[in-house]
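# Summary of the model geometry
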Amino acid sequence: MTFNQRHLLGIEPLHPSEIIALLDRADHYAEATRAGHKHGDALAGLTQINMFFENSTRTQASFEIAGKRLGADVMNMAMQASSLKKGETLIDTALTLNAMRPDLLVVRHPQSGAVNLLAEKVNCAVLNAGDGKHEHPTQALLDALTIRRAKGRLHRLTVAICGDIAHSRVARSNLILLGKMENRVRLVGPPTLMPAQIDQLGVEVTDNMAEGLKGADVVMMLRLQKERMDGGFIPSEREYYHRFGLDAEKLSHAKPDAIVMHPGPMNRGVEIDGTLADDINRSVIQEQVEMGVAVRMAAMDLLAANLRASAGQVEPGGPAAR
Amino acid sequence: MSSILLTNARLIDPVTGADTHGELRIEDGRITDPGPAAQVIDCRGKCLAPGIVDIGVKVGEPGERHKESFRTAGIAAARGGVTTMVCRPDTMPVIDSPEILEHARGRAGHSPVRVRHIAALTRGRAGREMVEIGFLRDAGAVAFSDGTHVVADTKVLSRCLTYARSLGALVIGHPQDPGLSAGACITSGKFASLRGLPGVSPLAERMGLDRDLALVEATGVAYHMDQITTAAALPALIRAKASGLDVTAGTSIHHLTLNVLDVADYRTFFKVMPPLRDEDDRMAVAGALTDGVIDIISSMHTPQDEESKRLPFEEAAPGAVGLETLLPAAMRLVKAGHLTLPELWRALSMNPARRLGLEGGTLDAGAPADLVLFDPDAPFVLDRFTLASKSKNTPFDGARMEGRVLATWVAGTCVYDRAAT
């Protein structure tokens, strides 16, 4: 199984076999890290730039650690503080950075499609670390890896994704990935937080938690993105928690061994009960964070291998790191 | 002026609906009955039709001449078979006073084709105070419109329409509910949801139309809807026409030939206002054109420079150039069987001329010799950098098209001759 992409812009362009190749490589890194091997050289000599046009401590740290564990030279750029304030356009910023010859560009941007636009203008491999309400592919991949490790498979599972679907790139990438791997996906949330015609994408949609969680193997909660709200989507946080916040009672509708996931950062008492989030028998939230590093290592490793292959050095998707 | 006889032509007459072989004579800038002439031009069996009257052309004068001037727009129009550009008031500053209109009219002299002007309906297109409709009409405004800025305050719009009615002035509206469409850059639905872009429901058009039609009924004003683009808006339009209101409707060539999926991976040249619709809506609008429910096709020519388009989709400026591609794009409707050539020319030429009270849109003797000679079947692949417009933001870049303009005459003067270029 090979991974043939030049960039990782989303889950949508990936073939299921590429998803499996990525997860297999990530599994390898997860085990290696647990065994104490925290330094490799798969990215030695390569320059990784993290360009975050939107604040994100967690994702940026995860990409930084992933790069450093594989020996890349990592540089972080807080783009909000820099050139955009001086009136530079996104494309000019991209061209300027491109001239510094990075090999891996990790980009987060508040506008949907901005990372695609940037990828057209640079020579290096681009990883989408979240663009607007479009995609967040490494999040979906780390969720998939977490599910596969907990459930032993990544197909024919019932997965309920709950909460603010409309404003969530995590939900989009996840429903595309889970659909590609032939799972049953349910979206649960108030209709004001559902994207239009989302039911036409092969998912079931409901505004009832009991119904949505019934028989689920995986319950994925989303952050209620208060900063994205124009106001008026839901009447109040407390009514939202009452109807859609995950607690033991609502979780009882899912399978007894169902796992609880959350991409973080959590709003305890808004979308999830604090005790439940900390329940190590149900919650895999901490494992998600751990798998995040492994998945990002795998993605950068495979993209770097393709980058070298296109420069005529190694076979695409070949054994670069093992 | 010398006389010209155009022989061996396939005459496309929108008035009679005829598509016949024949000849046509020009003298002193007007069409006459055939007869001897100083110059004879063999049309070689190609189509000869009245020049296109394009309502809603944006020219960057005043204020944005780097995007388009009257000269470059006029050259593009001549190359596209457009003999009258009816220009929009959404300039900088807005054409909302007789003095600014006077300035624009002066600049319009640089265009090789005829130019007419729409004035704003409210000052600064801000939707608060009405413009001097009487003075502006005397100064040459053929219609009044705030363009895509919907007059949100219904009381203000009601007074504007009442006042316009008393002067017999034509008002052009943009049917759209401003609240529902705020912040949207694409039509909501499956595609918008996948791309994570803020969408507007196609119902916003119907809601805007319903409000406007209620006011038209109350005031009796002559009203034209600039762009009807959704199936949901059509029943109200059909009812309004049946009840005898003085309403007409237009649509843009882009909404007739493209759909929301053409946006693909955030292609900003496909960002227009209102946004491109689903294929079902496109087919319904094309059908409404066939049925005569929609009267007029416009290019909605909106030049934008590269900087305005090379941005993330939400931030990119809306609009597409269309003067030069209007005819070949419209030929797709003929090839697909929606319209015959004379029917198409009603929507491109006869209906807009009549609605604005302009001469033209006909091949009758005595009419101005505003003519286009074109080959309806000539195939080509469009290269946007060959366009005459200063801005090259066409969604048809790289598209296979059929229909080439061979020559264009305005008042009997040849303003474009493909053989000579």
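As recorded in an unreviewed UniProt entry, chain B goes by Dihydroorotase and comes from Jannaschia helgolandensis.

The name an unreviewed UniProt entry gives chain A is Aspartate carbamoyltransferase, with Jannaschia helgolandensis as the organism. Check the Catalytic activity (unreviewed entry) section of the UniProt entry for chain A; it says "carbamoyl phosphate + L-aspartate = N-carbamoyl-L-aspartate + phosphate + H(+)".

Turning to the packing of aromatic side chains, a few remarks are in order. If you walk through the whole model with that rule in mind, you get two aromatic pairs over all chains. Centre to centre, the rings of A:Tyr240 and A:Phe244 are 5.6 Å apart; their planes meet at 35 degrees, and the pair counts as tilted. Taken together, the positions of A:Tyr240 and A:Phe244, both in helix α8 (residues 237-244) and four residues apart, correspond to about one turn of that helix. Note on accessibility: A:Tyr240 and A:Phe244 belong to one class, buried. Measuring from ring centre to ring centre gives 4.8 Å for B:Trp345 and B:Phe374, while their planes differ by 10 degrees; the resulting arrangement is stacked.

Following B:Glu61, the chain continues to B:Pro62 via a peptide bond in cis, the omega torsion being 0 degrees. For the bond from B:Met273 to B:Pro274, the omega torsion is -10 degrees, close enough to zero to count as cis. Relative to the elements of secondary structure, B:Pro274 occurs in the loop between α9 (253-257) and α10 (279-290). Phi is positive for A:Glu182, which is not a glycine, with a value near 65 degrees. Its location among the elements puts A:Glu182 in the loop between α6 (169-180) and β6 (184-188). With a phi close to 50 degrees, B:Asp28 is a non-glycine residue in the positive phi region. Along the chain, B:Asp28 falls in the loop between β2 (18-27) and β3 (30-32).

All names here are of chain A. Strand order in the open sheet formed by four strands is β2-β1-β3-β4, with parallel pairing between adjacent strands. Two strands bound the open sheet, and with one partner strand each, they are β2 (73-78) and β4 (125-131). Adjacent strand axes in the sheet meet at a mean angle of 15 degrees when their direction is disregarded. Pairing between strand β3 (residues 104-109) and β4: five bridges, direction parallel. Bridge pairing in β4 links Leu105 to Val126. Set on the sheet, helix α2 (residues 57-69) makes contact with β1 (47-52), β2, β3 and β4; between it and β1 the angle comes to about 180 degrees. Its contacts with the sheet put helix α3 (residues 90-99) on β1, β2 and β3, and the angle it makes with β1 is roughly 160 degrees.

What follows concerns the interface of chain A and chain B. Every contact between the two is made by 22 residues of chain A and, on the other side, 17 residues of chain B. When chain A packs against chain B, close to 1700 Å² is buried across both sides, 55% of that on carbon and sulfur atoms. At the junction of chain A with chain B, the criterion picks out one salt bridge. With its nearest N and O atoms 3.1 Å apart, the salt bridge here joins A:Glu12 to B:Arg195. Remark: the boundary between chain A and chain B carries seven residue pairs in polar contact (both at pLDDT 80 or more).

This part is about the sheet that holds strand β5 (residues 158-162) of chain A. All names here are of chain A. Taken in spatial order, the five strands make up an open sheet running β7-β6-β5-β8-β9, and their pairing is parallel. Each of the sheet's edge strands pairs with one partner strand only, and the pair in question is β7 (204-206) and β9 (259-261). Averaged over neighbouring strand pairs, the angle between their axes works out to 20 degrees when direction is ignored. In the sheet, strand β8 (residues 218-221) pairs with β9 via three bridges, with the strands oriented parallel. In the strand pairing of β9, Val219 is matched with Val260. Strands in contact with α6 are β5, β6 and β8; relative to β5, the strand with the most contacts, it is inclined by about 170 degrees.

Residues annotated by UniProt as "domain: Dihydroorotase catalytic" (unreviewed entry) correspond here to residues 45-230 of chain B. Segment residues 45-230 of chain B splits into 37% helix and 20% strand. End C-alpha atoms: 38 Å apart.

So, about the packing of helix α5 (residues 137-151) of chain A against helix α11 (residues 285-310) of chain A. Residues and elements named next belong to chain A. For the pair α5 and α11, interaxial distance at closest approach is 8 Å and the crossing angle is 115 degrees. α5 and α11 meet at a crossing whose hand is right-handed. Of the residues in α11, those touching α5 at Thr138, Gln139, Leu141, Leu142, Asp143, Leu145, Thr146 and Arg149 are Glu287, Gln288, Met291, Gly292, Val295 and Arg296. Considered class by class, the residues forming the contact of α5 with α11 number five nonpolar, five polar and four charged.

Counted according to the given criterion, the structure contains 40 salt bridges over all chains. We note a salt bridge from B:Glu27 to B:Arg25, for which the minimum N-O separation is 2.8 Å. Given a relative accessible area of 11%, B:Arg25 falls into the buried group. With a shortest N-O distance of 3.4 Å, B:Glu402 and B:Lys335 are connected by a salt bridge. Here B:Glu402 is found in strand β17 (residues 400-410), whereas its partner B:Lys335 is found in helix α12 (residues 326-335), with 67 residues between them in sequence. Judged by its relative accessible area of 34%, B:Glu402 falls in the partly exposed class. On the accessibility criterion, B:Lys335 (37% relative accessible area) is partly exposed. Beyond isolated ion pairs, a larger network of salt bridges with shared partners links A:Asp24, A:Asp27, A:Glu31, A:Arg34, A:Arg148, A:Arg149, A:Glu287 and A:Glu290.

All names here are of chain A. Per the UniProt record, "binding site: carbamoyl phosphate" (unreviewed entry) is annotated on Arg58, Thr59, Arg108, His136, Gln139, Gly264 and Pro265. Relative to the elements of secondary structure, Thr59 occurs in helix α2. Residue classification places Thr59 among the buried positions, given a relative accessible area of 10%. Here Thr59 is in contact with Phe52, Arg108, Ala129, His136 and Arg296, once residues within four sequence places are set aside. On the secondary structure map, Arg108 appears in strand β3.

So, how was this worked out
Residues numbered from 1 in each chain as written. Chains lettered and ligands numbered in written order. Predicted model: local features only at pLDDT ≥ 70, side-chain atom pairs only at ≥ 80, totals over all residues. Heavy atoms only, no water. UniProt positions renumbered as here; feature names shortened; annotations may be inferred. Phe/Tyr/Trp six-rings, centres within 6.5 Å; stacked < 30°, edge-to-face > 60°. Helix = DSSP H or I, 4+ residues; strand = E, 2+ residues; numbered from the N terminus. Buried < 20%, exposed > 50% of the residue type's maximum accessible area, 1.4 Å probe, protein only. Pairing = 2+ DSSP bridges. Axes fitted to C-alpha atoms, helices over the stretch in contact; angles between N-to-C directions. Contact = heavy atoms within 4.5 Å. Buried area = accessible area lost by both parts, 1.4 Å probe. Salt bridge = Lys/Arg side-chain N within 4 Å of Asp/Glu carboxyl O. Polar contact = N/O pair within 3.5 Å; in protein donor to acceptor, adjacent residues only side chain to side chain. Left-handed = near helix turned anticlockwise from the far one by under 90°. Nonpolar A, V, L, I, M, F, W, Y, C, P; charged D, E, K, R; others polar.

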